[in-house]
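# Coordinates in review
What follows is each chain in one-letter form.
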Amino acid sequence: MLKNITKDQIQSLPPMINKDKIAAMKFLNMLCMYSVISKPLLLPLLSSRMMKLTMEYGFCADSIVGLATAGYCIFLYTEEIQLASNIGKVCESLVEESPMK
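Everything in this summary refers to the structure shown in the same document. If you're wondering where the values come from, they're calculated on a predicted model, not measured in any experiment.

Reading the values: rules and limits
Residues numbered from 1 in each chain as written. Predicted model: local features only at pLDDT ≥ 70, side-chain atom pairs only at ≥ 80, totals over all residues. Heavy atoms only, no water. Helix = DSSP H or I, 4+ residues; strand = E, 2+ residues; numbered from the N terminus. Expected span 1.5 Å × (residues − 1). Buried < 20%, exposed > 50% of the residue type's maximum accessible area, 1.4 Å probe, protein only. Contact = heavy atoms within 4.5 Å. Core = buried A, V, L, I, M, F, W, Y, C linked by side-chain atoms within 4.5 Å. Salt bridge = Lys/Arg side-chain N within 4 Å of Asp/Glu carboxyl O. Polar contact = N/O pair within 3.5 Å; in protein donor to acceptor, adjacent residues only side chain to side chain. Axes fitted to C-alpha atoms, helices over the stretch in contact; angles between N-to-C directions. Parallel < 35°, antiparallel > 145°, perpendicular 65-115°, else oblique. Left-handed = near helix turned anticlockwise from the far one by under 90°. Nonpolar A, V, L, I, M, F, W, Y, C, P; charged D, E, K, R; others polar.

### Points about helix α4 (residues 61-77)
- With 17 residues, α4 extends 25 Å from end C-alpha to end C-alpha; this agrees with the ideal 24 Å at 1.5 Å per step.
- Three or more residues of α4 are buried, namely Asp62, Ser63, Ile64, Gly66, Leu67, Thr69, Ala70, Gly71, Cys73 and Ile74.
- In this fold, the buried residues of α4 make contact with α1 (7-11), α2 (19-38), α3 (43-57) and α5 (81-97).

### A look at the nonpolar core
- Ranked by internal contacts, the top residues of the largest apolar core, which has 14 residues, are Leu2, Ile5, Ile10, Leu67, Ile87 and Leu94.
- The set of elements that each furnish at least two residues to this core consists of α4 and α5.
- Among the elements that take part in this core, α5 stands out by supplying 6 residues, more than any other.
- Among all residues touching Leu2, those that are not within four sequence positions of it are Met51, Leu67, Ala70, Leu83 and Ile87.
- If you look at the next biggest cluster of nonpolar residues, it comprises 10 residues, including Met16, Leu28, Met50 and Leu53.

### Quick look at the pattern of salt bridges
- Under the defined criterion, the tally for this structure stands at 2 salt bridges.
- A salt bridge links Lys7 to Glu97; the shortest N-O distance between them is 2.8 Å. Of this pair, Lys7 sits in helix α1 while Glu97 is found in helix α5, placing the two residues 90 residues apart along the sequence.
- Residue Asp62 pairs with Lys26 through a salt bridge whose shortest N-O separation is 3.6 Å. In this pair, Asp62 sits in helix α4 while Lys26 sits in helix α2, placing the two residues 36 residues apart along the sequence.

### A word on the environment of Ser35
- Within the secondary structure layout, Ser35 lies in helix α2.
- Those residues in contact with Ser35, other than ones at most four positions away along the chain, are Pro40, Leu42, Leu43 and Leu46.
- At 2.7 Å, the side chain of Ser35 forms a polar contact with the backbone oxygen of Leu31.

### Brief notes about α2
- Taking 1.5 Å per residue, 20 residues should reach 28 Å; α2 reaches 28 Å between its end C-alpha atoms and fits that length.
- Within α2, the full set of buried residues consists of Met25, Leu28, Asn29, Cys32 and Ser35.
- Buried residues belonging to α2 abut α3 and α4.
- The N-cap residue of α2 is Asn18: its side-chain oxygen and the backbone nitrogen of Asp20 are 2.9 Å apart.

### Concerning the packing of α2 against α3
- It is at 10 Å that the axes of α2 and α3 come closest, and there the two elements cross at 160°. The orientation of α2 relative to α3 falls into the category roughly antiparallel. Crossing of α2 over α3 shows left-handed handedness. Contacts between α2 and α3 pair Lys21, Ala24, Met25, Leu28, Asn29, Leu31, Cys32, Ser35 and Val36 from the former with Leu43, Leu46, Arg49, Met50, Leu53, Thr54 and Tyr57 from the latter.
- Across the contact of α2 with α3, the residue classes tally to 11 nonpolar, 3 polar and 2 charged.

In structure tokens form, the structure reads like this:
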């Protein structure tokens, strides 16, 4: 799903408008923050769920966290350093253009 992801692909997604999905993304974002310290093995599950919601229901501010967490997990748990780097660059571009910096 993330192998050839680009900033343009993410930005071309429609905005997430479903209030339940936005709330789920905010909750998953909070879980990611706590999981980094307490349960790092949950991070791949949380980030993949965030990315699945983003691809199905659209882009929101918390989508950047899901993408960044996915890149972090790829770096930690695989040998795909180039893929993790590409995802990190996409995240950096999205953050720079985000109105919620």
